[in-house]
Amino acid sequence: MKNLYSMRSFLTIIALLLVIAGNVKAQDVHFSQFYASPLTLNPALTGKVNGNYRIAGIYRSQWGGMLEGRKPTYGTPGISFDLPIFVGKRKVDAVGLGASFVNDFTNGGRYNVVKAMLSASYIKSLGKSSKHQLSIGVQGGIQQSKTGSFRFEDQFIGGIYNEGNTSVDAGYNNQSAIVPDFQAGLFYNGAVSQRVTIYGGFSLFHLFTPSYNITQSASGNLPRRYVGHAGLEWDLTKNRKWTLYPGVIYMNQATADELNFGTNIGYHFKVDPEGRNTSIFLGAWYRYQDAVIPMVGFEFKGFRAGFSYDATTSDLTNGNSQGAYELSLIYVGRFSSITDKKTFLFCPRF
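Notes on the structure in this doc start here. Remember, it's a predicted structure, so these values are computed and weren't measured experimentally.

Details of the packing of aromatic side chains
- Counted under the stated rule, the structure contains 19 aromatic pairs.
- Each ring, one from tyrosine 199 and one from phenylalanine 346, has its centre 5.6 Å from the other, and the planes form 40°; the classification is tilted. Of this pair, tyrosine 199 sits in strand β9 (residues 196-205) while phenylalanine 346 sits in the segment after β18 (324-333), and the two are 147 residues apart along the sequence.
- Here tyrosine 199 falls in the buried class, since its relative accessible area comes to 13%.
- Ring centres of phenylalanine 307 and tyrosine 325 lie 6.3 Å apart, and the angle between their planes is 25°; on these two criteria the pair is classed as stacked. One end of the pair, phenylalanine 307, is in strand β17 (residues 303-312); the other, tyrosine 325, is in strand β18, with 18 residues separating them in the sequence.
- With relative accessibility at 37%, the residue phenylalanine 307 sits in the partly exposed group.
- You can call tyrosine 325 partly exposed: its relative accessible area is 33%.
- Through pairs of rings, three or more aromatic residues link up here, namely Phe34, Tyr35, Tyr245, Phe281, Trp285 and Phe350.

Set out below in structure tokens:
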């Protein structure tokens, strides 16, 4: 019991220092399946849907073993909804609208960051054949940081919990702060041949670095997060049975950097002219100096599901960490068949 709550106290203090201490900068949540959470990757992807609407859900659980397997040390569920509205005389440009909700919690939910965002984008088709597209997106909403009630080692006397004073600042208990937050992004994609489509994007989070006070003794700013991502979709065979999906993402926030690269490969049992394939995906990614990330996914009738696992390769493997896993599920809905290929709006997939 004593060791368990010692670890909980340690994790609580570390989380608070990383997120709210005035002279320490925080790092936002990141998803290994970043391609499965488009609205948290780049606001310019809002409405980039080969259909009438998209519902995307993702859940990340990290370091479950550090609390003796009872609860994830870090957990992040997220959900989003977005759709395109085609505009212009030729109906090849579009306005994208969307909303997203993410809850990032640590220490069994004793510290929560909740983000609720609305997104909008404008998607411009380029060239007579509309094989290239450029989009710009903005996102705005609120971020709430909230603490719960903590128990610390020196409150356990003879293995029995005693409500009362602790050597740790009790002012961290049951605090909350809400700030407005804004993001922006750009995204380009183009079909360079009948079998290869390339893409690249840049997004900027916490545009105005909002400041907040979550306790009387701790305050901080949300430092800007810079994200660059790129990749391609390459049909390896003429019958489009096999497709390669290599990609890379780089993020920087304050003094924290992250580089993630790899590839997935898809085999399509059924190739649908409208893109609603029946497929299976396998892949491997590498987060530089941190983790190897195998994944598996499938696609069927507009549903795309994925599972990935972060196998830690850094010094954290010396502890009781169980790595991290992610589950994702996306549904692209259609009210009617898409027969005009000019209405195709590309978005990175598996």
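Considerations on empty space enclosed by the protein
- Going through the model one piece at a time under the given rule, you end up with 4 cavities of 30 Å³ or more.
- Put simply, the largest cavity is a space of about 290 Å³.
- Along the walls of the largest cavity sit 24 residues, with Val29, Thr40, Leu41, Phe205 and Arg225 positioned nearest its centre.
- Secondary-structure elements contributing two or more residues to the lining of the largest cavity are α2 (38-41), β3 (93-106), β4 (111-126), β5 (132-147), β8 (176-191), β12 (225-235) and β13 (242-253).
- There is about 90 Å³ of room inside the second largest cavity.
- Forming the walls of the second largest cavity are 13 residues, and the residues nearest its centre are Tyr35, Tyr199, Trp285, Pro348 and Arg349.
- Mapped by element, the contributors of at least two residues to the lining of the second largest cavity are β12 and β13.
- Of the residues forming the lining of the second largest cavity, the biggest block, 3 residues, is contributed by β13.

Analysis parameters
Position numbers for residues start from 1 in each chain and track the written sequence from start to end. Two thresholds apply to this predicted model, a pLDDT of at least 70 for residue-level local features and 80 or more for giving and counting side-chain atom pairs, whereas whole-chain, interface and lining totals are computed over all residues. The basis for the side-chain values is all heavy atoms of the structure; hydrogens and waters are excluded. Any two rings among Phe, Tyr and Trp, with Trp reduced to its six-membered ring, count as a pair given centres within 6.5 Å; such a pair is stacked if its planes are under 30 degrees apart, edge-to-face if over 60, and tilted if neither. Comment: elements are numbered from the N terminus, with helices defined as DSSP H or I runs of at least four residues and strands as E runs of at least two. Three exposure classes are used, based on accessible area relative to the maximum for each residue type with a 1.4 Å probe and protein chains only: buried under 20%, partly exposed in between, and exposed over 50%. Only protein atoms enter the calculation, which uses a 1 Å grid: trapped sets of points that fit a 1.4 Å probe without letting it out are cavities, open sets showing protein on both sides within 12 Å along at least five of seven lines are pockets, and any residue with an atom within 4 Å of a point is a lining residue. Grid points are joined across faces, edges and corners, and a volume is the space filled by probe spheres set on the points.

These figures come from the coordinates and say nothing about function on their own.
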